[in-house]
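# Structural description and commentary
This is what each chain is made of:
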Amino acid sequence: ATVVALVALGACAIEPRTDLNDEEPPTPSASEFLRPWGESAPSQNRAITRLDRDRDSTEPVCSAREGNTPEGICDLAGNVWEWVSDWYGPYREDAQTNPTGADSGQFRVRRGGGWHDRGAARVRASYRNRGNPGIGDLFLGFRCARGASR
């Protein structure tokens, strides 16, 4: 099945893609990293998922160190889906930098996949899912973050 998606280019830019399916992400270009650690496929050493072993819960934070970003940030893909402040809704179809989604809505965005996911396409920070912000779950979490100082 073909999936229409927006794929992250670098840290905060996206471009429309229509050549995706739920199980196999597209082949990245030189400037496009699909996952926090780079272009390599997910594994149990890079992301806490069910891709290569069964799990029934999360793992301790930063337990898949090969999945860290070059800056040392861990668990951006796998372990728990992360809530973000964006409302879920369609992005514009043109390329954007740091898109924020809809102005309002019923659902918030969650990203990165979780310990229960088996599809490799979901285990990346650019994959968006939606959820009701008033309902918790065993595979959801959040990351405390602040803007970079300039």
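Please refer to the structure placed before this passage.
Let me sum up the structure you'll find in this document. Keep in mind it's a predicted model, so treat the numbers as computed, not measured. (Residues numbered from 1 in each chain as written. Predicted model: local features only at pLDDT ≥ 70, side-chain atom pairs only at ≥ 80, totals over all residues. Heavy atoms only, no water.)

### A closer look at the overall build of the protein chain
When helices and strands are tallied, the protein chain shows zero helices and seven strands. Start at the N end of the protein chain and walk to the C end: the helices and strands fall as β-β-β-β-β-β-β. Sequence-distant contacts in the protein chain: of pairs separated by 6 or more residues, those separated by 24 or more amount to 53%. As displayed, the protein chain offers around 9,000 Å² of accessible surface, 49% of which is attributable to carbon and sulfur atoms. (Helix = DSSP H or I, 4+ residues; strand = E, 2+ residues; numbered from the N terminus. Contact = heavy atoms within 4.5 Å. Areas by Shrake-Rupley, 256 points an atom, 1.4 Å probe, with all protein chains shown as cover.)

### Overview of the layout of surface pockets
In this model, the second largest pocket occupies a volume close to 160 Å³. As for the second largest pocket, its lining consists of Thr-58, Glu-59, Val-61, Cys-74, Asp-75, Gly-78, Asn-79, Val-80, Glu-82, Phe-142 and Arg-143. A per-class count over the lining of the second largest pocket returns four nonpolar, three polar and four charged. (1 Å grid on protein atoms, 1.4 Å probe; cavity = no way out; pocket = protein on both sides within 12 Å on 5 of 7 lines; lining within 4 Å. Points joined across faces, edges and corners; volume = space filled by probe spheres on them. Nonpolar A, V, L, I, M, F, W, Y, C, P; charged D, E, K, R; others polar.)

### Details of the packing of aromatic side chains
Tallying each qualifying case throughout the model produces one aromatic pair. Across from the ring centre of Trp-87, 3.6 Å away, lies the NZ or CZ of Arg-108, which sits over that ring. A cation over a ring is seen here: Arg-110 above Trp-83, with NZ or CZ 6.0 Å from the ring centre. (Phe/Tyr/Trp six-rings, centres within 6.5 Å; stacked < 30°, edge-to-face > 60°. Lys NZ or Arg CZ within 6 Å of the ring centre and 35° of its normal.)

### Points about the environment of Gln-44
Positionally, Gln-44 belongs in the loop between β2 (13–20) and β3 (81–87). With relative accessibility at 36%, the residue Gln-44 sits in the partly exposed group. In sequence terms Gln-44 and Gly-78 are 34 residues apart; their C-alpha atoms lie 9.6 Å from each other. Gln-44 has contacts with Asp-52, Arg-53, Arg-55 and Ala-64, leaving out every residue within four places of it along the chain. (Buried < 20%, exposed > 50% of the residue type's maximum accessible area, 1.4 Å probe, protein only.)

### A look at the side chain of Glu-82
Secondary-structure assignment places Glu-82 in strand β3. Excluding anything up to four places from it in sequence, Glu-82 contacts Asp-75, Leu-76, Val-109, Arg-110, Arg-111, Gly-141 and Arg-143.

### Some remarks on the sheet that holds strand β6 (residues 128–131)
Strands belonging to one sheet form pairs held by backbone hydrogen bonds; the direction of such a pair is parallel or antiparallel. With respect to topology, four strands assemble into an open sheet ordered β6-β5-β3-β7, the strand pairing being mixed. A single partner strand is all that each edge strand has here, and the edge strands are β6 and β7 (140–141). As paired strands, strand β5 (residues 108–111) and β6 are joined by four bridges and run antiparallel to one another. Of the residues in β6, the one forming a bridge with Arg-111 is Arg-128. (Pairing = 2+ DSSP bridges.)

### Things to note about empty space enclosed by the protein
Applying the stated criterion across every chain, the model contains one cavity of 30 Å³ or more. If you trace the largest cavity, you find it lined by Pro-36, Trp-37, Arg-46, Ala-64, Gly-67, Asp-75, Leu-76 and Ala-77. The residue inventory of the lining of the largest cavity, partitioned by class, reads five nonpolar, one polar and two charged.

### Some thoughts on the pattern of salt bridges
If you walk through the whole model with that rule in mind, you get three salt bridges. Residue Arg-55 is joined to Glu-59 by a salt bridge in which the shortest nitrogen-to-oxygen separation is 3.1 Å. Judged by its relative accessible area of 26%, Glu-59 is partly exposed. Among the salt bridges present, the one from Arg-122 reaches Asp-117, with a minimum N-O distance of 3.6 Å. (Salt bridge = Lys/Arg side-chain N within 4 Å of Asp/Glu carboxyl O.)

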